[in-house]
2 protein chains.
Amino acid sequence: MGLAGFITAASGGVIWLVTQKDKNKELKKRDGYLIVTLGWLSMSFFGTLPFLLSGAIPNFTDAFFETISGFTTTGASILSDIESLPKGILFWRSLTQWIGGMGIIVLAVAILPLLGIGGMQLFVAEAPGISPDKMKPRIKEVAKRLWLIYLGLTFAECILLMFGGMTFFDAINHSLTTMATGGFSTKNTSIAHYNSAYIQYVIIIFMFLAGTSFTMTYFGLKGKFNKVWQNEEFRNYLILSVGLSICIAFFVFSAQWEGFEKSFRDSLFQVVSIITTTGYVTADYTAWAPFLTVIFFLLMFTGGSAGSTAGGIKIVRHTLLFKNSFLEMKRQLHPSAVIPVRLNGKAVSGEITYNVLAFVMIYVLVYGVGVFLISFTGVDFDTALGAVATSLGNIGPGLGSVGPVDNFSAITPFGKWLLAILMLLGRLELFTVLMLLNRNYWSRY
Amino acid sequence: MGLAGFITAASGGVIWLVTQKDKNKELKKRDGYLIVTLGWLSMSFFGTLPFLLSGAIPNFTDAFFETISGFTTTGASILSDIESLPKGILFWRSLTQWIGGMGIIVLAVAILPLLGIGGMQLFVAEAPGISPDKMKPRIKEVAKRLWLIYLGLTFAECILLMFGGMTFFDAINHSLTTMATGGFSTKNTSIAHYNSAYIQYVIIIFMFLAGTSFTMTYFGLKGKFNKVWQNEEFRNYLILSVGLSICIAFFVFSAQWEGFEKSFRDSLFQVVSIITTTGYVTADYTAWAPFLTVIFFLLMFTGGSAGSTAGGIKIVRHTLLFKNSFLEMKRQLHPSAVIPVRLNGKAVSGEITYNVLAFVMIYVLVYGVGVFLISFTGVDFDTALGAVATSLGNIGPGLGSVGPVDNFSAITPFGKWLLAILMLLGRLELFTVLMLLNRNYWSRY
């Protein structure tokens, strides 16, 4: 652990020295893509050191998979026996997710909207005290405020979990990975290990909060509930989570599962866990009924709220596109009329709508290519579809042989690298990474 | 058969009388959606009569499924023992597809571009002698010309198949359903029934032609091969079909299948059959290898060429969106520059690109909703994903229990109606039908 820290610090020092001479150059927009992508990649490379040096994960591919799964807050694991690992390693594993989550918050409020990526401006328009035009002066202020909420909620969850009888070590680890919507657990059976309704409901609430835009949480803490409820993304997020859980609960209940409370709790836990892209597990949804597998598969493409630590496509984009699809028909009927999409009562510019459309298209394209490539590793149909969906959406568990009660150890090294890249792509909202692969990016560097 | 004809004619007569008084009103754009949708629906309703009255398919849901599967040139069947049906019924079944194919040609060259649906203008821009602005005068001329090609190719295939030893009855039936990219066969085992390389290659060639824009075939017949090769959609269609077949052939061959020629033929047949959305079968691709199932599943979203009888998303749309995705990154780097997508050397307007984006998004949305709904009928994961993909793409065989060697008889009535609606949606390029479900459509009727 000490050695790992030393190597990382030394490398950081060298890079700092090398870059000092450019200190006074102003950062350009195009540098943003490179810095963010390289930042996440180098964190993931150096983050493997504790796993490698302690011998907890001796294989480099496995260690990299586990680390990038941490920093991207995905939560997919190659470990079969988590409980046998030393506590220091388990804590590092949880910490990668929490650090990743902090990074995502800055990214969401400060960097992505400036880069104009896939409609992230939509989120910023709602954030307190920042406008897309003149946000620089207050960026630091806003980031600090949201980090404070992030930190505060982590502590609050930790204390509430300890009330439920969790040890301090398990409570802090689970709090770190809940707030990051990461999903790494210190137990082999994830949250199913805790047979306590109290603990499970606490985690449900904090998963839901972690998947809520931190700006909304900020308003909520300030007592502006009206403002929270008026936010269309939050409303849809809440209605979808609860509504779907109730429907699923009836099916699970009617299929002779324990009581209705247990059926509802299991449904709600799994739905919130997948929607928020956390990936904790208290029940194997792939074992419930075939059609529920389909529904959970579709949920992998929902994602949480923009401006939270959740991954995936995100509800605000779905909301916008759903509304736009209806308006598209209205536009066909009145070709000369200009009919903008309205979100939270404000008209959304055609450019942003186009941006969001392009984002989702590229998401689907990358998904298709990912499934195509992973299928060459010999995995079956369900596993291929599930593994790519869960990696790109930064969720954790997939379907088939990478389902909720399995892990990713059986995937080939090629498959692991592919999924690792997909995690990074998904986490950095596709464009940040893909931009670097574009010829035009380098042409005038 | 006579009774069926009488009922249809009588109903037609009544409708004709009712609509006579509006004869002099000019047709408006909004009427287009209604006429096309109702046209296909009423054909599908009256088309059930031969099945019902002959007792070949006594159940109305089943008969409607089979008929709409015919008129939409899908080719999904609920029949288990096709060969036991009377010849007249089998011929009617093939004819529904051929008539559907004729309808699609008019739709593609005349109606959809006028309605401005999902980038169909792109195709018209290439069609001989028509321009989006002043196409009315020559619409009849163009439609006649393309119908002649359709008819000519049907006869040519019929004769070539008879050379291969097929009976006249089987040859004409298979020709009707090949050119419509329909895929109904008169044999229980589809084209696998004919153990003749000659017959299978003939069918491959005609499936490929049927999935080629009829405009390109027209140019080809006129000897303008240069013009055909310069068409980006045709080039991608050819490269994808042949390239993918060669790759798959190596896998099938290495997995100890008969000879290399047989492996290549099986691969090419299945690839062309799915890409062109025909749906004939000579081998069960779901039994080859799990990763090949994934590839065939992805192929279900490719579709043939615009302006052919093929269904699905279509290659021109994929080409445009693929190019646009790359340019989107260029645009992010140079926000002030206007960078249009170029297709066949011409700049495509932003409006059309947006249209195509919206089309594909709605396709994905409808697919998701379809999978969600079908999953309630109790089918498993593979079947749900495959059945909806094959119905919406107008292909025929799916995955799981509706795979290439199975049929749709085990689907519940609700499922059959759902898939029937999806076939219609897919065939009429989504907007035509969805428009009618939109409140705005009726608000000022």
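Residues numbered from 1 in each chain as written. Chains lettered and ligands numbered in written order. Predicted model: local features only at pLDDT ≥ 70, side-chain atom pairs only at ≥ 80, totals over all residues. Heavy atoms only, no water.

S.K.: How would you explain the side chain of A:Gln200 if you had to name every residue and give the values?
M.R.: Considering the arrangement of structural elements, one finds A:Gln200 in helix 9 (residues 197–210). Apart from residues lying up to four places away in sequence, A:Gln200 is in contact with A:Ile191, A:Tyr194, A:Arg265, A:Phe269 and A:Thr282. (Helix = DSSP H or I, 4+ residues; strand = E, 2+ residues; numbered from the N terminus. Contact = heavy atoms within 4.5 Å.)

S.K.: Kindly report on the environment of A:Leu321, identifying the contributing residues and their values.
M.R.: Its place among the elements puts A:Leu321 in helix 15 (residues 315–333). Judged by its relative accessible area of 6%, A:Leu321 falls in the buried class. Sequence spacing of A:Leu321 and A:Tyr354 is 33 residues, and the spatial spacing of their C-alpha atoms is 9.6 Å. Residues within four places of A:Leu321 in sequence aside, it is in contact with A:Val356, A:Leu357, A:Val360 and B:Met361. (Buried < 20%, exposed > 50% of the residue type's maximum accessible area, 1.4 Å probe, protein only.)

S.K.: Provide a residue-level description of the relation of the copies chain B and chain A, including the pertinent values.
M.R.: For the match of chain B to chain A, the screw axis carries a shift of 0.1 Å, the RMSD comes to 0.0 Å, and the turn is 180 degrees. This pairing of chains is accounted for by a two-fold axis. The share of interface residues of chain B whose copies in chain A are also at the interface is 100%, consistent with both copies meeting through the same surface. (Least-squares fit on C-alpha atoms with pLDDT ≥ 70 in both.)

S.K.: Account for the side chain of A:Asp266, naming residues and giving values.
M.R.: As for its position among the elements, A:Asp266 is in helix 13 (residues 260–275). The residues contacting A:Asp266, other than those within four sequence positions of it, are A:Thr282, A:Ala283 and A:Trp288.

S.K.: Would you mind going over the packing of helix 17 (residues 381–392) of chain B against helix 18 (residues 413–427) of chain B in detail, with residue names and values included?
M.R.: Residue and element names in this part refer to chain B. For the pair helix 17 and helix 18, interaxial distance at closest approach is 7 Å and the crossing angle is 40 degrees. Relative to helix 18, helix 17 is oriented oblique. On helix 18, the residues that touch Ala387, Val388, Ser391 and Leu392 of helix 17 are Leu419, Leu422, Met423, Leu425 and Gly426. (Axes fitted to C-alpha atoms, helices over the stretch in contact; angles between N-to-C directions. Parallel < 35°, antiparallel > 145°, perpendicular 65-115°, else oblique.)

S.K.: Can you lay out the pattern of salt bridges for me, pointing to particular residues and giving the numbers?
M.R.: Per the stated rule, a full pass over the model turns up 16 salt bridges over all chains. With a closest N to O distance of 2.7 Å, B:Asp62 and B:Lys416 form a salt bridge. Of this pair, B:Asp62 sits in helix 4 (residues 60–71) while B:Lys416 sits in helix 18, and the two are 354 residues apart along the sequence. This pair shows no difference in class: B:Asp62 is buried, exactly as B:Lys416 is. Close ionic contact of B:Lys262 with B:Asp266 constitutes a salt bridge, the shortest N to O distance being 2.8 Å. Residue B:Lys262 and its partner B:Asp266 are both found in helix 13 (residues 260–275); the two are separated by four residues, about one turn of the helix. The buried category is assigned to B:Lys262, whose relative accessible area is 19%. Where salt bridges share partners, they join A:Lys314, A:Arg317 and A:Glu429 into one cluster. (Salt bridge = Lys/Arg side-chain N within 4 Å of Asp/Glu carboxyl O.)

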